[in-house]
Amino acid sequence: MNNKKVCTISYGCQMSERDSETLTAISNNMGYSRTNDPAEADLVIINTCCVRESAENKIIGKIGQLKHMKDKKPSLIIAVAGCMVQQPGILEKLQKRAPHVDIWTGTFDYHKFEELLQTSQEGKKIACISEKETEVSEAVPLAEKGKLRVNVNIMYGCDNYCAYCIVPYVRGRERSRPKQIILDEIKSLVDSGCREVTLLGQNVNSYGKKDGFDYDFSDLLQEIDKIDGLFRVRFMTSHPKDLSDQLIAAVAGGEHLCEHFHLPFQAGSNHILEAMNRNYTREYYLERVHRILEEIPAARLTTDIIVGFPGETEEDFEQTLDLVRTVPFTQAFTFMYSKRSGTAAAGLPDQIPLEVKKRRLQKLMEVQNARSLAWRNNMLDQHYEILVEGQSKTNPESLTGRTRGNEIVVFKGSEDLIGKLINVRIDSANSWTLFGTMM
Ligand code: 5AD
Ligand code: SF4
């Protein structure tokens, strides 16, 4: 009997998390059971992110730490996968820095992971990084069975080439999965206990367009909405330029489609939006937001914002602040611009000094945090339906669940509620969490 263990450490976005599940599932099929403790693992998989330099530094530190573990336990297999490894020309540098790593693999080769693992079990080091994406590979295993909430890819890659972003270089061209395959995957997940899916794509609003499907994202959503036993459907990320009236109408009319739009605006000034190659204006963004709120007054909006893009002046930044004060975002993910080699913006003049970026980020967070708290305070004493997810991480005596708008609610209740929809009254709030009582 084999009692080997795999520990997967995942960095980055939901896509990357989803890929980590595939790598873990392949390892499970090869006899490795899952552990969260790298010290007891026989295989450690690090699935990487390269969207910002800060993520890369953290990962490089982690890979360094694993060297000590490997010194103590030479049979330990270390695999480093994903976006960071996929960057053109980076492999040699990484291999020099971390010769103790056994398997290097990129974003287009997950379906070969079993082979790679076998090679490394024979004591050989191996690197496998295809330069170009393959057709959508359906050969990889689905997510782990039995999970309540599951991420489901509906498309891969990105064709937008925002000037700051490395994603199109490490995830390839946009390609969508046919509707039937997605529907079958979700049905089988529901059969094994899943109640909520999040449909993933870099730009879900362009689903199927490039592949010439005769249905679009709103059609896909409407069909998923009909799947028996599924309580909730979420999706991300929406690119504002492709957010159609049909999508808004589909969400408005859907039964299980959550009224939450993650709609990154990135910058508030038209001059910066143009330099970022975002293909919309501030006015267009505001019009789309207006349309969403008109059709779906209960809609929740969240966003991503970058400060300190090359050439961003104080006036440009003021326009970003102004947008945050205008649009009722419940949450914003805010980032300092990070120069990524190979992207269009890396070569731009007027890179912004770190102190300026820090100051702008601080100010932006202050403004948004106050807005987020005000939102949460508005929810006090009101009743919301939540899907109960499990024990609260911060307080093991409490349970946690999420509203349709994706707000986390902590409340007291018994474990048999996990996986059920219940109603709670909101009693108090801080900037991140709501506390409630079951009704
Ligand atoms: N620097 C800072 N933030 C970035 N993002 C993408 N690329 C960069 C970069 N080079 C942010 C964007 C995107 C989110 C996932 O990460 O806001 O929406
Ligand atoms: Fe990056 Fe823009 Fe594609 Fe999003 S849409 S992944 S920000 S290039």
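Our subject is the structure that appears above.
Residues numbered from 1 in each chain as written. Chains lettered and ligands numbered in written order. Predicted model: local features only at pLDDT ≥ 70, side-chain atom pairs only at ≥ 80, totals over all residues. Heavy atoms only, no water.

1. Re the overall build of the chain
Put simply, the rule is: The secondary structure listing takes helices from DSSP runs of H or I that are at least 4 residues long and strands from runs of E that are at least 2 residues long, numbered from the N terminus. This radius of gyration counts C-alpha atoms alone. The globule rule is 2.2 Å times how many residues there are, raised to the power 0.38. Each accessible area value is a Shrake-Rupley result obtained with a 1.4 Å probe; residue values ignore everything except the protein chains displayed when judging cover. For the purpose of charge, His is not counted, nor are the chain termini; Lys and Arg are scored as positive and Asp and Glu as negative. Charged side chains are reduced to one point each, which is NZ for Lys, CZ for Arg, CG for Asp and CD for Glu.
Broken down by element type, the chain carries 13 helices and 19 strands. Expected size for 439 residues packed as a compact globule is a radius of gyration near 22 Å; at 22 Å, the chain falls within 12% of this value. Dimensions along the principal axes, computed over C-alpha positions, put the chain at roughly 60 × 60 × 45 Å. Working note: accessible area of the chain is about 19400 Å², and carbon and sulfur atoms make up 50% of it. Side chains of the chain carry 55 positive and 60 negative charges; the gap between the two charge centres is 5 Å.

2. Side note on the nonpolar core
Inclusion rule: We define the nonpolar core as a collection of buried residues of types Ala, Val, Leu, Ile, Met, Phe, Trp, Tyr and Cys that are connected through side-chain atoms lying within 4.5 Å of one another. Three labels apply to residues, based on accessible area from a 1.4 Å probe with only protein chains included: buried if under 20% of the type maximum, exposed if over 50%, partly exposed otherwise in between. Between two residues, a contact is recorded if the distance between any of their heavy atoms is within 4.5 Å.
Ranked by size, the top nonpolar core spans 64 residues in total, and within it Ile186, Leu199, Phe217, Ile224 and Phe261 carry the most contacts. Here this core takes five residues from helix α7 (residues 179-191), the largest share from any one element. With residues near it in sequence (within four places) discarded, Phe261 still touches Phe235, Leu243, Leu247, Val251, Ile292, Ile296, Ala299, Arg300, Leu301 and Thr302. Of all hydrophobic cores here, the second largest spans 25 residues; its members include Leu66, Leu76, Ile78 and Val85.

3. Thoughts on the site of ligand 1
Worth spelling out the cut-off: Only a single heavy atom is needed: when it lies within 4 Å of a molecule or strand, its residue is near that molecule or strand. Residues adjacent in sequence count toward polar contacts only when both atoms are side-chain atoms; beyond that, a polar contact is any pair of N or O atoms within 3.5 Å, and within protein one must be able to donate a hydrogen and the other to accept it.
Surveying the vicinity of ligand 1 reveals the residues Val51, Arg52, Tyr164, Gln266, Asp304, Ile306, Phe335, Met336, Tyr337, Ser338 and Arg340. At a separation of 3.0 Å, a nitrogen atom of ligand 1 approaches a polar backbone atom of Tyr164. Computed on the free molecule, ligand 1 has an accessible area of 400 Å², of which 85% lies beneath the protein chains in the complex. Taken together, the elements giving at least two residues each to the shell around ligand 1 come down to β13 (300-307) and β14 (329-336).

4. Here's the deal with the side chain of Asn160
As for its position among the elements, Asn160 is in the loop between β8 (155-156) and α6 (167-171). Classification of Asn160 as buried rests on a relative accessible area of 12%. The contact partners of Asn160, leaving out residues within four places of it in the chain, are Asn203, His239, Lys241 and Asn277.

5. A short note on the site of ligand 2
As a reminder, the rule being used: Three classes are used: nonpolar for Ala, Val, Leu, Ile, Met, Phe, Trp, Tyr, Cys and Pro, charged for Asp, Glu, Lys and Arg, and polar for all others, with Gly counted as polar.
The full set of residues close to ligand 2 is Cys158, Asn160, Tyr161, Cys162, Tyr164, Cys165, Val167, Pro168, Gln202, His239 and Arg278. Considering only residue class, the shell around ligand 2 consists of seven nonpolar, three polar and one charged.

6. Observations concerning the sheet that holds strand β5 (residues 103-105)
Paired through their backbone hydrogen bonds, the strands of a sheet run either parallel or antiparallel. Rule in force here: Any two strands between which DSSP finds at least two bridges are classified as paired. For helices, the fitted axis covers only the stretch in contact; all axes are lines through C-alpha atoms, and the angles between them, taken along N-to-C directions, range from 0 to 180 degrees.
Strands sit in the order β2-β1-β3-β4-β5-β6 across an open sheet of six strands; the sheet is parallel. Edge positions in the open sheet fall to β2 (33-34) and β6 (126-128), since each of these has one partner strand only. Pairing geometry for strand β4 (residues 77-82) and β5, over three bridges, is parallel. By the bridge assignment for β5, Ala79 is matched with Ile103. Contacts from helix α2 (residues 53-72) reach β1 (5-10), β3 (43-48) and β4, with the element oriented near 170° to β3.

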